[in-house]
Every structure is written in structure tokens, then in C-alpha cells.
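Report on the structure
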Amino acid sequence: MFQQFWNIFESAEKNRAILQQEQKEQRRLQKEEIKNSLLSKDHFKQHNALSPDIWESPEQVKLKVKLKLKRIANAFLRDHNIDPDAVEDIYFTGSLAGYNYHPDSDIDLHIVVDFSKVSQDLDMVRDLFNSRRLVWNERHNITIFGHEVEIFIEDINEVYDDEDRPVYSLEKDQWVNTPKRLDRDFDYDSAMKKAGMISHQIGLVQELMNQEKFVEAKRQATRIFGRLKRMRKAGLQREGAYSPENIAFKILRKRGEIDLLGDLKSASFDRMMSLHND
């Protein structure tokens, strides 16, 4: 009897591993398709209305979407033994909460937590939650009408760099920050130029890896990540989501180059720490 149950368990684990590998390959192919697609200025255009797949009206998300997103958030909380009393709200934000959505937009699902209820070491809590959500997002390929759901954990006192970011509360079923349709042009050429400069620097990191200069590769990758963060933050604070800096960041992310930079940074560290036979 025990052997029979063990065989069933082994078979289920094997099938789960195969499914996870298939989902991982599917995500890789999707990212490769996006990377190879032409990101024209029209890719970032604003629509006249919110996404009809997601929104019942300008004031309310569709019930089935809300319930599904809350189930996803609660599954994450349950899997990581996070005290529900520490959760203040669940936000839906990002381009699909506004007018600048596109076919490969993600659904940004933000779980709002009072970090101080977890620990007084807020930096430690932030790092812990960030590592857990990264693993979760990597392991799962959950989509809503073809849009991948990406989980974030934010502190109750989080301040967004973009003051115009649309934010919808799934718990209160109402807007925290109403989306605004901005009838203005943006400097796409400048965004492409900035993206090209960063892309060139990422290529230099790749070349350092090829030359087995792992210490310098890691140093340069870390520097580029810091520059990206400062560049995007400055753009969001100055002009919002349509700043050239933020558009450049989105271009790099959609082409898979930010993921590549992260992989290069990890690989350079791994090679630095490893020993090999001569």
C-alpha cells in the first residue's frame, strides 16, 4: 500500500516538474517574441478608454477579475505564512489600470503590508518580501486574459515616484488614485537614444564576461542598475510615466535587456566565487 501511494506521489511530482519547465519555456519564448518585436511610438500610445477586458466601467473593475486577483494575492500570503492582520490592502496598478495599456502589459498586483507589524527592521522586511515575490513570479505563469500577473509587496507608507500612477483598491473596490488621460506628446526619439546608450553598456558587460573579467563585469552591472534606477526615478518625478527616461526603461525591459543585465550580474558573481580545475 505504501509503495502504491509513493508511486502516485512520485508521478505527481514528476508531472508538476514537467509542467513548471513547460511554463518556464513558454515565458522565455514570450519574452523573446517581445524582445524581437518592433517597439514603435504607437506601442506607447494612450487609449480613449480603460481596457474593456478588465474594467466594467471607469469606476469599477470587473467582478471576476477582482475575485481572481484577490485569490492570487491570498495564495501568495498563505504560501509564505504572512499574517493577514499585517495586510492593509491589495492594489491593482500599472498600465492596465490606466489608459496606456498594450498587448504585453503586465497586471501589477501590489500587496500593501504594514512592515512594522512584521519587524522593526524595515529594510530586512523589504528585502525578504522582495526575494519571495521574485521567486513566486519566476515559478508561476498566471495570466488574466493573456496579461501576466506580477506580484509586488509594498509598505503601507510607500511613496510612488510617479504621482499620477493609477491605483485601484481591490479591498475597497474604488480608486485610490484615479487614472488620468494625458493629451500630450512625448519625446520618443530621446527615449530610444537613452535606451540605446544603456543597451551599449550592457553589451560591454557581456564582453567583460566573455573575457572572463568577472569582477569588473559585476561592478559594471551593479553600476548600470544604479544608473537605471536613478534615471527612471528622476524622469517619473519630473514628467511622470511619459518621461523619456521611463519610456527608455520600458523599452529595455520589453526587449529583455534588463533581465539580461540581471543574469550577467548573477553569473559574474557566481564565477567570482567558484573554483575550477586548471
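For the structure itself, consult the block above.
Described below are features of the structure shown in this document. (Residues numbered from 1 in each chain as written. Predicted model: local features only at pLDDT ≥ 70, side-chain atom pairs only at ≥ 80, totals over all residues. Heavy atoms only, no water.)

With that out of the way, let us pick up the overall build of the protein. When its secondary structure is counted, the protein shows seven helices and eight strands. Across the 278 residues in the protein, those meeting the buried criterion constitute 38%. In the protein, 73% of the contacts between residues at least 6 apart in sequence involve partners at least 24 apart. Of the roughly 16,800 Å² of accessible surface on the protein, 50% is carried by carbon and sulfur atoms. (Helix = DSSP H or I, 4+ residues; strand = E, 2+ residues; numbered from the N terminus. Buried < 20%, exposed > 50% of the residue type's maximum accessible area, 1.4 Å probe, protein only. Contact = heavy atoms within 4.5 Å. Areas by Shrake-Rupley, 256 points an atom, 1.4 Å probe, with all protein chains shown as cover.)

On inspection of all chains with the given rule, the structure shows six aromatic pairs. Centroid distance F115 to F129: 5.6 Å. Interplanar angle 55°. Geometry classified as tilted. Residue F115 is found in the loop between β4 (107-113) and α3 (122-139), and its partner F129 is found in helix α3; the two are separated by 14 residues along the sequence. Accessibility expressed as a relative area gives 3% for F129, which makes it buried. In textbook terms, an aromatic cluster arises when at least three aromatic residues are bridged by ring pairs, as seen for W55, F92, Y168 and W175. (Phe/Tyr/Trp six-rings, centres within 6.5 Å; stacked < 30°, edge-to-face > 60°.)

It is worth spelling out the side chain of R133 at this point. With respect to the helices, strands and loops of the structure, R133 is situated in helix α3. For R133, the side chain forms a polar contact with the side chain of N130, separated by 3.1 Å. The residues touching R133, leaving out its near neighbours within four places in the chain, are F76, E150, I151, F152 and I153. (Polar contact = N/O pair within 3.5 Å; in protein donor to acceptor, adjacent residues only side chain to side chain.)

This part is about the sheet that holds strand β8 (residues 174-177). The sheet built from six strands is open, its strands ordered β5-β6-β4-β3-β7-β8 with mixed pairing. Bordering the open sheet on either side are β5 (143-144) and β8, each of which pairs with just one other strand. Here strand β3 (residues 87-93) pairs with β4 via six bridges, running antiparallel. Across the sheet, T93 pairs through a bridge with D108, a residue of β4. Strands β3, β4, β5 and β6 (147-155) of the sheet are contacted by helix α2 (residues 63-79), whose axis makes an angle of about 55° with β4. (Pairing = 2+ DSSP bridges. Axes fitted to C-alpha atoms, helices over the stretch in contact; angles between N-to-C directions.)

Once that is clear, we can look at the nonpolar core. Counting 35 residues, the largest nonpolar core has I54, W55, L69, F92, L109 and I111 as the members making the most contacts within it. When residues of this core are traced back to their parent elements, those giving at least two are α2, β3, β4, α3 and β6. Broken down by element, the residue count for this core peaks at seven residues, all from α2. For L109, the contacting residues outside a window of four places in its chain are L69, I72, A73, I90, Y91, V149, E150, I151, F152 and L170. (Core = buried A, V, L, I, M, F, W, Y, C linked by side-chain atoms within 4.5 Å.)

This next bit is on the packing of helix α5 (residues 214-239) against helix α7 (residues 257-273). The contact between α5 and α7 brings their axes to 8 Å, and the two run at 145°. Here α5 and α7 pass one another in a crossing that is left-handed. In this structure, α5 contributes F214, V215, A217, K218, A221, T222, I224, F225 and L228 to the contact, and α7 contributes I258, L261, G262, K265, S268, F269, R271 and M272. Each residue belonging to the contact of α5 with α7 can be placed in one class, and the counts come to 11 nonpolar, three polar and three charged. (Left-handed = near helix turned anticlockwise from the far one by under 90°. Nonpolar A, V, L, I, M, F, W, Y, C, P; charged D, E, K, R; others polar.)

Within β3, six of the seven residues are buried, leaving the element largely enclosed by the surrounding structure. Sheet topology note: the β3/strand β7 (residues 167-169) ladder contains three bridges and is antiparallel. The partner of Y91 across the bridge, within β7, is S169.

Right, let's talk about the pattern of salt bridges for a bit. Pairing between side chains of opposite charge can happen when the charged atoms of each approach one another. If you walk through the whole model with that rule in mind, you get 10 salt bridges. Ionic pairing is found between R219 and E216, a salt bridge with its closest N-O pair at 2.8 Å. You can see R219 and its partner E216 sitting in helix α5, three residues apart, about one turn around the helix. E216 sits in the partly exposed class, given a relative accessible area of 28%. One continuous salt-bridge network, built from bridges that share partners, spans K194, R238, E239 and E245. (Salt bridge = Lys/Arg side-chain N within 4 Å of Asp/Glu carboxyl O.)

A few words on helix α6 (residues 244-254). Of all 11 residues that make up α6, 10 are buried, and the element is covered over most of its length. Every buried residue of α6 is listed here: P244, E245, N246, I247, A248, F249, K250, I251, L252 and K254. Where α6 ends, the next residue or the one after it, G256, has phi of about 80°, a positive value.

This part takes up the pairing of β6. Note: β4 against β6, seven bridges, orientation parallel. Among the inter-strand pairings, H110 is bridged to a residue of β6, identified as F152. Note that β5 and β6 share two bridges and pair antiparallel. Bridge pairing in β6 places T143 opposite E148. As consecutive antiparallel partners, β5 and β6 are separated by two residues, and within that stretch F145 has a phi angle of approximately 50°, a positive value.

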